[in-house]
Amino acid sequence: MDDMRNEDRAALAARDHLFSPSEEMEKLGQAARPVLTHGEGIHVYTDTGHRLIDGPAGMWCTQIGYGSPDIAKAISDQALRLSYNSPWYTTNSPAAELAGRIAEMTPGDLNRVFFTTGGSTAVDTALRFTEYYNNVLGRPAKKKIIARYDGYHGSTALTAACTGRTGNWPNFDIAGDRVSFLSSPNPRLAQGRSAAAFLDFLVGEFEERIAQLGSGTVAAFLAEPVLASGGVIIPPKGYHARIKAICEQHDILYISDEVVTAFGRCGEWFASESVFGVVPDMITFAKGVTSGYVPLGGVAISESVLARVSGGNARGGWFNNGYTYTGHPVACAAALANIAVIERDGILPHTRAMIPRFDAGLAALRDLPLVADVRAVGLIGAVEIMTGPPHAEATDLDKKIALRVDEIAWDLGLIVRPIANLCVISPPLIATAAEIDRICAILREAILRTGKEVADGHIG
Ligand SMILES: Cc1ncc(COP(=O)(O)O)c(C=O)c1O
């Protein structure tokens, strides 16, 4: 036992004691996930020394890549200076400065920022604010949240209840009449309609739903600009602005969940307005705000929305929502350093320059027989593996084949995120042109080799 490497100990302890997200319970305790030991730039290394390109940027978050001395120093300096303060009766300068920076980056009058511990708590806070807001406004019936199938918003009870990835639902008590789901803007559901007709259908469905529920009961529309974990689903152009106009007619708050799309993933600090043409009432963020170095999230809220329930309109209320680690000084210092690196190294213009290359590189995979669709926006892309006709329902075989593509890509030195029959890639924003080309080349090779295995009858 004493001769055992630390990595081997880690693998054993992981197998025996860790309980991980999305655990396949039948296999609990039988095997551990690969143990990563270190990272450098866009690469991570396993305990067996395998070097891999971090294709999904961890979980859509490692924007500036691994091993940044700037972030490490900011974290260390802040931990030595002030490692904690209670946000209930004090604050700290990194949190205050970061709120100011984020207020400059967000569109419209979204100038006040509430910090949380990650994405789920950011969305949860936005939803709890919505509840508080309508109670203070004397509209206790205006509580329903309209979300979309295929959307993902987190793992608190409320955000999981707003998550329309139905595969996540079994054995959890998700159902309730608080949340109402609209169709996913998945092109599969367009069923031959033009993009304009599909958009009309989606917008019409929203209007009908409000009429059906009664606008006096609908509090919020909650949406990711791009449904990321739900399969990189990109709504038709104009969708966001048309939905927002309807929200305004009915005094419904529009919450844009930018946990994935913010902090450069689409080439801008925030994507709602600059990429998707909508100025929401609230924007949630997390992940890329610290490039994944430490946990942090938050929600930016419109001043005009806040004005309705604060100052002379507060009606004696207290927004009693918060976390021990709200505005944590070390996390906020890491975020400020992350923003400084993104600015100093020109990472936003670099990302904007890489987006067309990434788009074209993935689109070139369309010629492969197993590839039914390729979708990309910003540095978020998905290759859809399908043995049947495009836009059909994915079969178990399609999912098995996609998983095999990911396994082969792993062996070839690229991590690909498996989501059902999709191979999802969203690299760190610092990926160079040569690295983007390499990612696309490995993916092509992995799909070709998988195609041969399918042809040879090895997968079925
Ligand atoms: C759009 C979106 N919202 C919320 C979350 C939840 O964030 P977290 O896992 O940091 O709680 C995620 C996580 O992937 C996400 O993709």
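Bear in mind that the values here come from a model prediction, so they are computed numbers and not experimental data.

**Student:** What is the right way to look at the packing of helix 7 (residues 195-213) against helix 8 (residues 239-249) in this model?
**Tutor:** Packed helix pairs are specified by the crossing angle of their axes together with the interaxial distance, meaning the distance between the axes. Interaxial distance between helix 7 and helix 8 falls to 10 Å at its minimum, and their mutual angle equals 20°. Relative to helix 8, the element helix 7 is oriented roughly parallel. Handedness of the helix 7/helix 8 crossing: right-handed. In contact with L199, D200, L202, V203, F206, E207 and I210 of helix 7, helix 8 contributes Y239, R242, I243, I246 and C247.

**Student:** What am I meant to see in the site of the ligand here?
**Tutor:** Neighbouring the ligand are the residues G118, G119, S120, Y152, H153, G154, E224, S229, D257, V259, V260 and K287. Here S120 contributes a side-chain N or O atom positioned 2.5 Å from an oxygen atom of the ligand. Contact between the ligand and D257: a nitrogen atom at 2.7 Å from a side-chain N or O atom of the residue. Its free accessible area being 390 Å², the ligand has 83% of it covered by the protein chains. Tallied by class, the residues present in the shell around the ligand amount to three nonpolar, six polar and three charged.

**Student:** Sorry if this is basic, but what is going on with the domain arrangement of the protein chain here?
**Tutor:** Note: interface size is frequently given as the accessible area lost on complex formation between the parts. For the protein chain, the assigned domains are domain 1 (34-64 + 346-455) and domain 2 (70-344). At the junction of the two partners, domain 1 supplies 34 residues and domain 2 supplies 32 residues. Of the roughly 2500 Å² buried where domain 1 meets domain 2, counting both sides, 61% is carbon and sulfur surface. At the junction of domain 1 and domain 2, the tally comes to one salt bridge. Note that R352 is salt-bridged to E268, the shortest N-O span being 3.8 Å. The interface formed by domain 1 and domain 2 includes 14 residue pairs in polar contact (both at pLDDT 80 or more). The set of elements that each furnish at least two residues to the side of domain 1 that touches domain 2 consists of helix 2 (57-60), helix 11 (347-363), strand 11 (371-377), strand 12 (380-385), strand 13 (417-419) and strand 14 (422-425). Among the elements that make up the side of domain 1 that touches domain 2, the one with the highest residue count is helix 11 (five residues).

**Student:** Honestly, the side chain of S184 in this entry has me stumped. Any pointers?
**Tutor:** Take S184: it is sitting in the loop between strand 6 (179-182) and helix 7. Discounting chain neighbours no more than four positions away, the residues touching S184 are Y149, D150, L189, F198, L202 and I233.

**Student:** Can you help me understand the sheet that holds strand 4 (residues 110-116) in this one?
**Tutor:** In any sheet, the strands associate via hydrogen bonds between backbone groups, in a parallel or an antiparallel arrangement. The seven strands are arranged 4-10-9-8-7-5-6 in an open sheet whose pairing can be described as mixed. On the outer flanks of this sheet lie strand 4 and strand 6, each paired with one strand and no other. Strand-to-strand twist in this sheet, taken as the mean axis angle between neighbours without regard to direction, amounts to 20°. The pairing of strand 7 (residues 218-223) with strand 8 (residues 253-257) spans four bridges and is parallel. By the bridge assignment, A223 is partnered in strand 8 with S256. Across the face of the sheet, helix 8 comes into contact with strand 5 (144-148), strand 7 and strand 8 while running at roughly 150° to strand 8.

**Student:** Mind showing me how you'd approach the environment of N338 here?
**Tutor:** Mapped onto the elements of the fold, N338 is located in helix 10 (residues 329-344). For N338, a relative accessible area of 0% gives the class buried. Each C-alpha atom of the pair N338 and D281 lies 26 Å from the other, and the pair is 57 residues apart in sequence.

**Student:** Got a minute to help me understand the pairing of strand 5 in this structure?
**Tutor:** Of all five residues making up strand 5, five are buried, and the element is well covered by its neighbours. Every second residue of strand 5 is oriented toward a common face, with K144, I146 and R148 on one face and I145 and A147 on the other, all of them buried. Here four bridges tie strand 5 to strand 6, and the two strands are oriented parallel to one another. Paired with R148 across the two strands is L182, which belongs to strand 6.

**Student:** Explanation requested: the pattern of salt bridges in the structure shown.
**Tutor:** Pairing is possible between side chains that carry opposite charge, provided their charged atoms lie close to one another. Applying the stated rule across the entire model yields 23 salt bridges. Across the pair D16 and R15 runs a salt bridge whose closest N-O atoms are separated by 2.9 Å. Among the residues examined, R15 registers a relative accessible area of 31% and is labelled partly exposed. The shortest N-O distance in the salt bridge between R366 and D373 comes to 3.5 Å.

The rules we used
Residues numbered from 1 in each chain as written. Predicted model: local features only at pLDDT ≥ 70, side-chain atom pairs only at ≥ 80, totals over all residues. Heavy atoms only, no water. Axes fitted to C-alpha atoms, helices over the stretch in contact; angles between N-to-C directions. Helix = DSSP H or I, 4+ residues; strand = E, 2+ residues; numbered from the N terminus. Parallel < 35°, antiparallel > 145°, perpendicular 65-115°, else oblique. Left-handed = near helix turned anticlockwise from the far one by under 90°. Contact = heavy atoms within 4.5 Å. Near = heavy atom within 4 Å. Polar contact = N/O pair within 3.5 Å; in protein donor to acceptor, adjacent residues only side chain to side chain. Areas by Shrake-Rupley, 256 points an atom, 1.4 Å probe, with all protein chains shown as cover. Nonpolar A, V, L, I, M, F, W, Y, C, P; charged D, E, K, R; others polar. Domains from an automatic or database assignment. Buried area = accessible area lost by both parts, 1.4 Å probe. Salt bridge = Lys/Arg side-chain N within 4 Å of Asp/Glu carboxyl O. Pairing = 2+ DSSP bridges. Buried < 20%, exposed > 50% of the residue type's maximum accessible area, 1.4 Å probe, protein only.

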